[in-house]
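Remarks on the overall topology
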Amino acid sequence: MSDRLLRFDDWISPVPPVEREVVSRLVEGEGDQPPLLFVPGPRHGAWAFAERWLGHAAQRGFPAYALTPREKGDLRAHVHDVVQVAASLPKQAVLIGHGEGATVVAQALGRYPARAAVLAAPAPSRWAAFKTNPLGTLPAVFGGRLRLNRRQLFSAELPADEADAYLKRMTFRRPTNRKSKTRPVGDPPVLVVGSPDDRIVPRKTLDRTATEYGGAPLLFPGMGHDLMLDAGWAEPLDAILDWLTKEISAAS
Amino acid sequence: MHDTPDIADRRDAVCVIGAGASGLAAIKNLREHGFAVDCYERETSVGGAWNWRHDRSPVYSATHLISSRPLTEFPDFPMPDSWPDYPHHSQLLSYLERYAKHFGLADAIWFGTEVVSCVPVGDGRWDVTTHSTGGGSSRVQRYAAVVVANGHNWAPAKPEIPGEFRGTVIHSAQYKDPAQLRNRKVLVIGGGNTGCDLAVEAAQQATTVWHSTRRGYWYAPKYVFGRPADQVNDRLLKWRLPLRLRQWLYRRTLALTTGDLTRFGLRAPDHRPYESHPIVNSQLPYYLGHGRIKPVPDVTRYADGKVELADGRRIEPDLVITATGYLPRFEFLAPELLDCADDWRPDLHLHAFARKHPTLAVVGLLQPDAGLLPLAHWQSVAVARWLRLRQDDPVRAAAVQQKESARPVRGWSRRQVVPTRRHWFEVDHVDYLKAVDGLLREMEPVK
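This is a predicted model, so every value here is computed, not measured. Residue numbers here run from 1 along each chain, matching the order of that chain's written sequence. Here the convention is simple: chains get letters from A, ligands get numbers from 1, in the order in which they are written. Per-residue local features are limited, in this predicted model, to residues with pLDDT of at least 70; the limit for side-chain atom pairs, both in listing and counting, is 80 or more; totals at the level of whole chains, interfaces and linings are taken over all residues.

Remarks on the overall build of chain B
Working definition: helices are DSSP H or I runs of at least four residues, strands are E runs of at least two. Numbering for both runs from the N terminus. A count of helices and strands for chain B gives nine helices and 27 strands. Our radius of gyration is a C-alpha quantity, and the globule rule it is checked against amounts to 2.2 Å times the number of residues to the power 0.38. Relative to its length of 447 residues, chain B is compact, with a C-alpha radius of gyration of 23 Å against a globular reference of 22 Å. By principal-axis analysis of the C-alpha atoms, chain B measures approximately 70 × 55 × 45 Å. Burial status across chain B gives 44% buried among its 447 residues. Taking the contacts inside chain B whose residues are at least 6 apart along the sequence as the reference set, 65% of them involve residues at least 24 apart. Working definition of burial: number of other C-beta atoms within 10 Å of the residue's own, with buried at 20 or more, exposed at 12 or fewer, and partly exposed in between, all C-beta atoms being placed from the backbone. In this description, any two residues whose backbone-derived C-beta atoms lie within 7 Å of each other are considered to be in contact.

Structure, rendered in structure tokens:
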């Protein structure tokens, strides 16, 4: 039985509403570009995108929004929040998920016909995290918190004090559970980006995820997991926006 | 592109008739499947029946949804979760307006343009004649397919009541504002959701209220156990409880909540639960209990300027509102195109696909026991995918058509209902969606 048409979960026990934190950097006037909705993993908040990427995207003409994941939400609640915010935007949105946020976006694509989607450093692997930081990861294996360190998230080029300041703003808790892959509705173009030097997302994951969507990952060697905060943050974003511009002009 | 001087050939484009909820879903989903779409809308704005500004809109100032929000929203464009369980009609309109804006549908819609006729020209193509509602010359354009979404709640079905009546008689379509009821003696005819709503409104405004119903109904409350009633009901459907058991639970739940209404003079239902379109009204029993609504039987005739009832009694209202529903109307189509019976009852596969014309479909012609929008959405997805398959892979399309023609009607149409006009398009939302899902799977693109 398909849960695509028969959505008993949503019909019987709708996800309880919450106040959602959405940070935005807007463009003046009604531009032609679709709005971007950035979705961080539960470790980060909207702040992680507000730091660099939102402003830069807005400068390039894309109204940019970022959503802070609700506290204590399961995957279903996070997906619900993304779709709620996307549907509240004036135009069909581009969903951009990072880390576990990419897992949320991949699910949300089955619920909302996005204009396009980007999965950045998708689906962090607990095993990869364990290999690079066994002590921080061990509790997660037993259902506890997953704690990551500076070296796992950032490259050596990012000054240590900056990286530590970011780490302080993160909240570490139990990673959300995965779910089987959902087929996107509306057949949006999907791009996978990441770094071969990411210490919690193995290169294989990037390739596999990209293959699922019929493409190859766009790679940014030398960068850590947190593409949006690491030194050289502009490069992946510019590449994403270039790709988007190309896809949109190809469709029209 | 003109291949003849008169007929503009729109080639692979699809014509959608109506920009209400179903029409908007059709435009969006056809475009998502790569079709160019021209939608014709006689009004100057979107929203169809839900736009109270439209002269054909049946909504009145106090109209609220009777199915709860999660069962009413489009599956790929949820309503804000901060909205109430049962939103007001103005919220539904703003929702449809946002849907149209969000997906950029307005540039496909020709507002103030009425479709006069659709004629098949062979090869599955259609000549569509339109003209501006403001007057002006008509235009003929040729389309690859026609999707009809003209709604079925705008042509009032008015009962023939013989005799002369001194007061005013209006159809519920003409009822807009409670001021129309204030300080009057009102008779509301009809036990549907509108009839019950109007009886309740009248109970708050009029001096005397009679509510005439032909038979007893199951009046469900809007909330059961603190949850919207349809959400509780769907839990039973999720558990796949057999119909008999659900009927028993329904009776028990109603007995424990609403209680026995025959005490107030209503007749006991002459059918089992789930055998008529659900009536959802928590306030009717309340006003019956206050004596503000007097239930009366069927109206037989007007006599001496009064209203005569089936039990021989005569009552003297000064306003009669007939909440007797609406008829489907397809003035722009020859009746045989939709296999219509004499009374304009179309016979369509899944209430959507014309049986002899593979490029003609109707979206939204349903009376579900839940919100219509999700069903209209999936109908239009099925129509779009069907048209796409027919174009891309005619051989497979023929196979699907063959297989679908063998699909038993009992699988998607409500099995047992009181055989009246209001149940022509009655469907169970779960059974219906299962059937549409089956069709969608058959048409799944091959990977």
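There is more to say, and it comes next.
A look at helix α4 (residues 75-88) of chain A
Multiplying one less than the number of residues by 1.5 Å gives the expected span of a helix. Helix length check: α4 of chain A, at 14 residues, gives a terminal C-alpha distance of 20 Å against a target of 20 Å (1.5 Å per residue), a fit within 8%. Of all 14 residues making up α4 of chain A, ten are buried, and the element is well covered by its neighbours. Residues of α4 of chain A that are buried: His78, Val79, His80, Asp81, Val82, Val83, Gln84, Val85, Ala86 and Ala87 of chain A. Those residues of α4 of chain A hidden inside the fold are in contact with β1 (22-25), β2 (36-39), β3 (64-67), β4 (94-98) and α5 (100-108) of chain A together with α2 (89-102) of chain B.

Comments concerning the environment of His56 of chain A
Residue and element names in this part refer to chain A. For His56, the location among the structural elements is in helix α3 (residues 53-59). Given 18 C-beta atoms within a 10 Å radius, His56 is considered partly exposed. A sequence separation of 31 residues divides His56 from Arg25, and the C-alpha atoms of the two residues are 9.0 Å apart. What His56 contacts, discounting residues up to four positions off in sequence, is Ala234 and Leu237.

Regarding the interface of chain A and chain B
Counting from both sides, the interface comprises 22 residues of chain A and, opposite them, 23 residues of chain B. Of all the secondary-structure elements, those providing two or more residues to the side of chain A that touches chain B are α1 (8-12) and α4 of chain A.

Remarks on the domain arrangement of chain B
Residues and elements named next belong to chain B. Marked domain ranges trace back to an automatic or database domain assignment. Here chain B is partitioned into domain 1 (7-155 + 326-442) and domain 2 (159-322). On a C-alpha basis, the centroid separation for the pair domain 1 and domain 2 is 30 Å. Any residue outside Ala, Val, Leu, Ile, Met, Phe, Trp, Tyr, Cys, Pro, Asp, Glu, Lys and Arg is labelled polar, Gly included; the first ten of those are nonpolar and the last four are charged. Within the side of domain 1 that touches domain 2, the residues separate by chemical class into ten nonpolar, six polar and four charged.

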